[in-house]
Amino acid sequence: MKIIYLINKFALIITLALYLTLVFGLYAQIVLGAIQIICALILFFFWNKFSNKTREQLYIYWTVVISYGSCWLIDWTNFNDSFTFIFGIIIVPMSIAIYFVYILQSTKNYIS
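Throughout this description, residue numbers start from 1 for each chain and increase along the sequence as written. A pLDDT threshold of at least 70 governs which residues receive local features in this predicted model, and a stricter bar of 80 or more applies before side-chain atom pairs are shown or counted, although totals over entire chains, interfaces and linings include all residues. Hydrogens and waters are ignored; side-chain quantities use all the structure's heavy atoms.

Notes on the overall build of the chain
Along the backbone of the chain there are four helices and zero strands. Secondary structure elements of the chain, listed N to C terminal, follow the sequence α-α-α-α. Seen along its three principal axes, the alpha-carbon backbone of the chain occupies a region of about 45 × 30 × 15 Å. The buried label goes to any residue with under 20% of its type's maximum accessible area, the exposed label to any with over 50%, and the partly exposed label to all in between, with areas taken from a 1.4 Å probe on protein chains only. Per-residue burial over the chain gives 33% buried out of 112 residues. Pairs of residues are marked as contacts when any of their non-hydrogen atoms sit within 4.5 Å. Contacts spanning at least 24 positions in sequence make up 74% of the contacts within the chain whose residues lie at least 6 apart. Here, Shrake-Rupley sampling with a 1.4 Å probe gives the accessible areas, and only protein chains in the shown set may cover a residue. Accessible surface computed for the chain: about 7,400 Å², of which carbon and sulfur atoms make up 72%. Segments assigned H or I by DSSP are reported as helices when at least four residues long, segments assigned E as strands when at least two residues long, and all are numbered from the N terminus.

Structure follows, in C-alpha cells:
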C-alpha cells in the first residue's frame, strides 16, 4: 500500500508542478488519471482488509469518477468555454486526484 501511495503522491506533485506550464500540466494530468484508475482497481484485491470507512470513501471516489466520466458524454456547446475548461478540465479532476491520495494516505498502513 505504501508503494501505491508514494507513486500517487509523486505523480500528483509532479502534475501540480507542471501546471506552471499549463500544457504540460494537462498532459501530466492524463497520466495521473491513468495511474489513479489502475491503482484504484488494484485496491479491489484488498477490499476485505479495509475498514468500513475506507470502503465508503472508495465508493464515493468511484461514484465521483464515474459521474465525471459520464459528463463527457453531454453536449457542452451551450456552456461558457472558459468555465468548462477551467472547472471541468482542471479543477474537478485535480480535486478527485487529491481525494484519492487522501484515501491512500489513510490506507497505506493496512497492508505492507
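On we go from here.
A short note on the side chain of Gln 36
Position of Gln 36 among the secondary structure elements: in helix α2 (residues 22-43). A residue is classified by how much of its surface remains accessible, and Gln 36, at 3% relative accessible area, is buried. From its side chain, Gln 36 meets the backbone oxygen of Ala 97 in a polar contact 3.2 Å long. Apart from residues no more than four positions distant in its own chain, Gln 36 is found in contact with Asn 8, Tyr 61, Ile 96, Ala 97, Phe 100 and Val 101. Definition of a polar contact: a pair of N or O atoms within 3.5 Å, with one able to donate and the other able to accept a hydrogen when the atoms are protein atoms, and with sequence-neighbouring residues admitted only if both atoms are side-chain atoms.

Observations concerning the nonpolar core
Side chains that are nonpolar tend, in soluble globular proteins, to be buried together. The biggest cluster of nonpolar side chains holds 25 residues, and the ones touching the most others in it are Leu 12, Leu 32, Leu 43, Leu 58, Tyr 61, Phe 100 and Leu 104. Broken down by secondary-structure element, the contributors of at least two residues to this core are α1 (2-18), α2, α3 (52-71) and α4 (81-107). Here the element with the most residues in this core is α4; it accounts for eight residues. Excluding anything up to four places from it in sequence, Leu 43 contacts Met 1, Phe 50, Leu 58, Phe 100 and Leu 104. Think of a nonpolar core as a cluster: buried Ala, Val, Leu, Ile, Met, Phe, Trp, Tyr and Cys residues, connected wherever their side-chain atoms sit within 4.5 Å.

Focus: α4
With 27 residues, α4 extends 38 Å between its outermost C-alpha atoms, agreeing within 8% with the 39 Å of an ideal straight helix rising 1.5 Å per residue. Bend is the name given here to the angle between axes fitted to two runs of seven residues, the run ending at a residue and the run starting at it. Along its length, α4 shows its largest kink, about 30°, at Ile 91, and proline Pro 93 lies within four residues downstream of that point. Residues of α4 that are buried include every one of Gly 88, Ile 90, Pro 93, Met 94, Ile 96, Ala 97, Phe 100, Val 101, Ile 103, Leu 104 and Thr 107, and no others. In the core, the buried residues of α4 are packed alongside α1, α2 and α3. By definition here, a helix of n residues has an expected span of 1.5 Å times n minus one.

Considerations on a nonpolar patch on the surface
Nonpolar side chains (Val, Leu, Ile, Met, Phe, Trp, Tyr) are joined into patches within 5 Å and like charges within 9 Å, using only residues with over 30% relative accessible area and no salt bridge. The rule for a salt bridge is simple: a side-chain nitrogen of Lys or Arg has to be within 4 Å of a carboxyl oxygen of Asp or Glu. On the surface, a nonpolar cluster with roughly 730 Å² of combined accessible area is contributed by Phe 10, Ile 14, Leu 18, Val 23, Phe 24, Tyr 27 and Ile 30. Counting residues per element, the ones that place at least two in the nonpolar patch are α1 and α2. Considering every element that reaches the nonpolar patch, the biggest residue donor is α2, with four residues. You can see Val 23 is positioned in helix α2.

What about the packing of aromatic side chains?
Pairing of aromatic rings covers Phe, Tyr and the six-membered ring of Trp, with a centre-to-centre limit of 6.5 Å; geometry is then stacked below 30 degrees between planes, edge-to-face above 60, and tilted otherwise. Here the structure, examined in full by the defined rule, presents seven aromatic pairs. Ring centres 6.0 Å apart and planes at 20° place the aromatic pair Phe 44 and Trp 62 in the stacked group. Here Phe 44, found in the loop between α2 and α3, pairs with Trp 62, found in helix α3; they are 18 residues apart in sequence, far enough to count as distant. Using a relative accessible area of 42% as the deciding quantity, one classes Phe 44 as partly exposed. Trp 62 sits in the buried class, given a relative accessible area of 17%. Taken together, a centroid distance of 5.7 Å and an interplanar angle of 75° make the contact between Tyr 61 and Trp 62 edge-to-face. Ring pairs connect the aromatic residues Phe 44, Trp 47, Tyr 59, Tyr 61, Trp 62 and Phe 100, which therefore count as one cluster.

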